[in-house]
Amino acid sequence: MDEESQVTSSAVLEETFYVTSKKNTYYKVKLTEKGLSLQKDSNGSTKIETIPLNDIIGCRCMRSKRRSAAGSCACRPGASRMQLKLVESMDAYPTSIDEYDTSAYLYIYAYTLKKVRMKGIRRRERTTITLRFRSFDKYEDNLREASRWRLAIKCLVTKLPVPKNLMSPSHGNLEALLGACPGENRKLLVLLNPKSGPGRGREIFQKRIHPVLSEAERPYDIHITKCSNYAREFVRTKDIYQWSGLLTVGGDGIVFEVVNGLFQRPDWEKALKELPLGVIPCGSGNGLAKSIAYSKQEPYDYNPLLVSVLSVVKCKKAPMDIVRIETRNKILFSFLSVGWGLLSDIDIESERLRAIGGQRFTIWSVARLIGLRTYKGKISYLPCDKVLPVEVVGNGKVCHTDCTSDGKITHSRSYGDELDRYGNIVESKSFHDACDDSTNELDLPLNGYRDDEVLTDNITLETEIEGRQRLDSFYSATSAKSTYFSTGSVSSYHSIDDGDIRGPDVENITTSQVMYGPSSTLPALTAQLPDSWVQDQGEFVMVHAAYQSHLGQDYFFAPRAKLADGIIWLLIVKAGITRANLLQFLLGLSSGTHVNCSGVNMIPVKAFRIEPADGTNGHLTVDGEEVDYGPLQAEIFPSLATVMTP
């Protein structure tokens, strides 16, 4: 963000704050329609730091408390780590509140883009700005000032007009300030596959996803899938409009189930339009999650989980193409790809190595390159005209163009807890786990970095009135070493151990229900194709069609693809390609340079048909899921679904 424009923007709110430990340092904090500006003045020097509004995910008011009313401040010199106290809601233990502290605390949570030591690499880091309001002698008066800032920030983040009448200091109605805060009344529906990838989805959600959802005040209902097609049946049969969106935690397989479950509903069109799809990557491939981040130029590779959960909490949406697939026995709807040959063989046959995660694809690629197969058949396609040529440049970057032609999670017990004594927002509490020295991957801080790798920014500021001595600030439980667990939340958990399962009947799950969705515009699968189609018959090493940029985190398959460009990118490799060129092709998949390899043909199409020769065997996959081997045809329907984006 341009700092000069940030500073000169008209301010919604302004206030001067001080730093307890630095007598000659103060901050002029200004909230504008572009973000939060912090102008630091220290001994005559001035420095401005800006927090873009797009990087702020949430804020909340809290009141400090301490372990014992008779004890002194826990941040006093010599206090041990075990004595550091929390800043929590004030109503849980009213007898332990420090009656002498009338301050109201506003915590602002942001995830800002910052450069790391390696040149050109950026990542998102967690920043917590703590504003302590203590200008008045009564807590209610300080809370009113903090609530005014909270209301303004929440309105700006959600792109709603800030109620100017409530921003005036003369407006003293605290209830009106709290009641005016925008928010989604409905929860998110979270469907979690505990067996995706290495099989650690539950722990990852608990330690890495829940804290960010909590900071953004996004409540949810979470259901653990129990068997194949559980998620598909759930979205097909349930009243899904009670939720604000569908969040899948797992690999591309659970996304495939949810998408096809939606198309089994008579109201599929309404469901796709009103319920955006979110993806938390815990599988082996995670192609859709990477494609969504790539479309918004987010630094996904360094911290996929964080970037993906930020897509959920930022309340942004984007359209996504869907492809209708027809085989001899069924109709399916696809969001990612269709494959026949080499890559499909690698995907399906490497399942036996699922426990090692994404590395299974690399190992099996070598095996299939040694034992190379070819497949007889015919490929037909309807070309997409007027797509401008483009070249892949350094680091896999491309110039984009458009097509213009026609089980239970292990948690501590839950109980209600008010955000503050004047609000009705229910929030989970946290506890500090700074003494846990475990280096297990799942014990990372919630922003995904190890404590010795990066220190999270925490800026703590406070107001001051004339003649009042500034006190030591209270310790905030939002440091880089905090580990959060849900102990009081409106979010709920459902799994196979639940006595009252609200999911589908596991014993009666079937996929033979009627498929709805848009009607096909293509000839029947057994009918002859029109002359406008191009046909190619012979032996093929592979035919693979994609409509997203990535098939996996390291598979930059269609460099020119967008989420909603109305194009299927059809890649054809015919028999006769040398193993050296094929190796170059496989190595180039990570950077997108594979499209320039000799013997590789990438064609933009609207529809295609694959017809394997009779009597042959092989693998046909749709979004990584194997389907019956035989004739298959596909056509694209632009912008049919909606996804959550950062």
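As the structure is a computational prediction, the values presented were derived from the model and not from experiment. (Residues numbered from 1 in each chain as written. Predicted model: local features only at pLDDT ≥ 70, side-chain atom pairs only at ≥ 80, totals over all residues. Heavy atoms only, no water.)

Trainee: What is the right way to look at the pairing of strand β3 (residues 35-42) in this model?
Mentor: Regular strands have side chains that alternate between both faces of the sheet. The element β3 is largely enclosed, with a buried count of six among its eight residues. The pairing of strand β2 (residues 22-32) with β3 spans seven bridges and is antiparallel. In the sheet register, Tyr26 faces β3, and the bridge partner there is Asp41. What sits between the antiparallel neighbours β2 and β3 is a turn of two residues. One ladder, built from eight bridges, connects β3 with strand β4 (residues 45-52); its direction is antiparallel. Paired with Gln39 across the two strands is Ile48, which belongs to β4. (Buried < 20%, exposed > 50% of the residue type's maximum accessible area, 1.4 Å probe, protein only. Helix = DSSP H or I, 4+ residues; strand = E, 2+ residues; numbered from the N terminus. Pairing = 2+ DSSP bridges.)

Trainee: So what exactly am I meant to see when it comes to the packing of helix α6 (residues 230-237) against helix α7 (residues 252-262) here?
Mentor: The angle between the axes and the distance between the axes are what describe a pair of packed helices. Interhelical geometry of α6 versus α7 gives an angle of 30 degrees and a closest axis separation of 7 Å. Considering the angle they form, α6 stands roughly parallel to α7. Crossing of α6 over α7 shows right-handed handedness. Only Ile254, Glu257, Val258, Asn260, Gly261 and Leu262 of α7 make contact with α6, whose side of the interface consists of Tyr230, Ala231, Arg232, Val235 and Arg236. Of the residues belonging to the contact of α6 with α7, the class tally is six nonpolar, two polar and three charged. (Axes fitted to C-alpha atoms, helices over the stretch in contact; angles between N-to-C directions. Parallel < 35°, antiparallel > 145°, perpendicular 65-115°, else oblique. Left-handed = near helix turned anticlockwise from the far one by under 90°. Contact = heavy atoms within 4.5 Å. Nonpolar A, V, L, I, M, F, W, Y, C, P; charged D, E, K, R; others polar.)

Trainee: What's the story with unusual backbone geometry in this structure? I'm lost.
Mentor: Excluding glycine, a negative phi dihedral is what most residues carry, and trans is how most peptide bonds are arranged. One non-glycine residue, Glu217, lies in the positive phi region at around 55 degrees. Tracing the chain through its elements places Glu217 in the loop between α5 (201-215) and β10 (220-224). Of note in the backbone geometry, Asp623 takes a positive phi value of approximately 55 degrees without being a glycine. Mapped onto the secondary structure, Asp623 falls in the loop between β22 (620-622) and β23 (625-627).

Trainee: Mind showing me how you'd approach the pattern of salt bridges here?
Mentor: Applying the stated rule across the entire model yields 16 salt bridges. Arg144 serves as the salt-bridge partner of Asp141, at 3.1 Å between the closest nitrogen and oxygen. Placement of the pair is Asp141 and Arg144 together in helix α2 (residues 139-157), with a separation of three residues, close to one helical turn. The partner of Glu217 in a salt bridge is Arg150, with the nearest N and O atoms 3.2 Å apart. Of this pair, Glu217 sits in the loop between α5 and β10 while Arg150 sits in helix α2, and the two are 67 residues apart along the sequence. Since its relative accessible area comes to 14%, Glu217 is described here as buried. (Salt bridge = Lys/Arg side-chain N within 4 Å of Asp/Glu carboxyl O.)

Trainee: Explain the packing of aromatic side chains to me, please; I cannot follow it from the model alone.
Mentor: Ring pairs (aromatic) are described by centroid distance and by the angle formed between their planes. Counted by the stated rule, this structure contains 13 aromatic pairs. Judged by centre distance (6.0 Å) and plane angle (40 degrees), the ring pair of Phe234 and Trp243 falls under tilted. Residues Trp340 and Tyr375 carry aromatic rings whose centres are separated by 6.1 Å and whose planes lie at 50 degrees to one another, so their mutual orientation is tilted. A residue pair is termed long-range when its members are at least 10 positions apart, and Trp340 in strand β15 (residues 337-341) and Tyr375 in strand β16 (residues 375-383) qualify at 35 residues. A residue is classified by how much of its surface remains accessible, and Trp340, at 1% relative accessible area, is buried. Clustering of aromatic rings is evident, with ring pairs tying together Phe17, Phe133 and Trp149. (Phe/Tyr/Trp six-rings, centres within 6.5 Å; stacked < 30°, edge-to-face > 60°.)

Trainee: How should I be thinking about the pairing of strand β8 (residues 122-133) in this particular structure?
Mentor: The element β8 is extensively covered by neighbouring structure, given that 11 of its 12 residues are classed as buried. Alignment of strand β7 (residues 104-115) against β8, held across 12 bridges, turns out to be antiparallel. Looking at β8, one finds that Ala110 is bridged to Thr127.

Trainee: Any chance you could explain the environment of Lys378 here in plain terms?
Mentor: One can find Lys378 in strand β16. For Lys378, a relative accessible area of 22% puts it in the partly exposed group. Residues in contact with Lys378, not counting those within four places in the same chain, are Gln535, Asp536, Gln537, Phe540, Arg609, Ile610 and Glu611.

Trainee: Looking at this structure, I do not really get the side chain of Thr112. What am I missing?
Mentor: When you line up the elements, Thr112 lands in strand β7. Residues contacting Thr112, with those up to four places away along its chain left out, are Ile51, Asp55, Arg123, Arg124, Glu125 and Thr127.

Trainee: Is there a simple way to explain the state of the cysteines in this structure?
Mentor: Per the stated rule, a full pass over the model turns up zero disulfides. Not engaged in a disulfide, the cysteine Cys59 finds its nearest cysteine sulfur in Cys61; these two sulfurs lie 7.1 Å apart. (Disulfide = S-S within 2.5 Å.)

Trainee: Help me understand α5, please; the structure alone is not making it clear to me.
Mentor: Since the α-helix turns once every 3.6 residues, residues separated by three or four places project in the same direction. For α5, with 15 residues, the first-to-last C-alpha span of 20 Å sits near the 21 Å given by 1.5 Å per residue. Of all the bends in α5, the greatest reaches close to 40 degrees and is centred on Ile209; the proline Pro211 follows between one and four positions later. The buried fraction of α5 amounts to 13 of the 15 residues, a majority that puts the element mostly inside the structure. (Expected span 1.5 Å × (residues − 1). Bend = angle between axes of the 7 residues up to and from the residue.)

Trainee: When you look at the packing of α5 against helix α10 (residues 304-313) in this model, what are you seeing that I'm missing?
Mentor: α10 packs onto α5 with a crossing angle of 40 degrees between their chain directions and a minimal axis gap of 9 Å. Classed by the angle they form, the pair α5 and α10 counts as oblique. As α5 packs across α10, the resulting crossing turns out to be right-handed. Contacts between α5 and α10 involve Ile204, Arg208, Ile209, Val212 and Leu213 from the first element and Leu305, Leu306, Val309, Leu310, Val312 and Val313 from the second. Here the contact of α5 with α10 is composed, by residue class, of 10 nonpolar, no polar and one charged.

Trainee: Please explain the nonpolar core as it appears in this structure.
Mentor: Counting residues in each nonpolar core, the largest one holds 91 residues, and the members touching the most others are Leu262, Ile325, Phe335, Phe557, Leu570, Phe585 and Phe608. Those residues in contact with Phe335 that lie beyond four places of it in its chain are Asp252, Val255, Phe256, Val259, Leu288, Met320, Ile322, Tyr547, Gln548 and Asp623. One finds Leu36, Leu143, Ala146 and Leu178 within the second-largest nonpolar core, a separate group that totals 38 residues. (Core = buried A, V, L, I, M, F, W, Y, C linked by side-chain atoms within 4.5 Å.)

Trainee: Would you mind showing me how to read the side chain of Ser147 here?
Mentor: Checked against the element boundaries, Ser147 lands in helix α2. On the basis of relative accessible area, Ser147 is assigned to the buried category, the value being 2%.

From the geometry alone we can't say anything about function, so treat these as descriptive.
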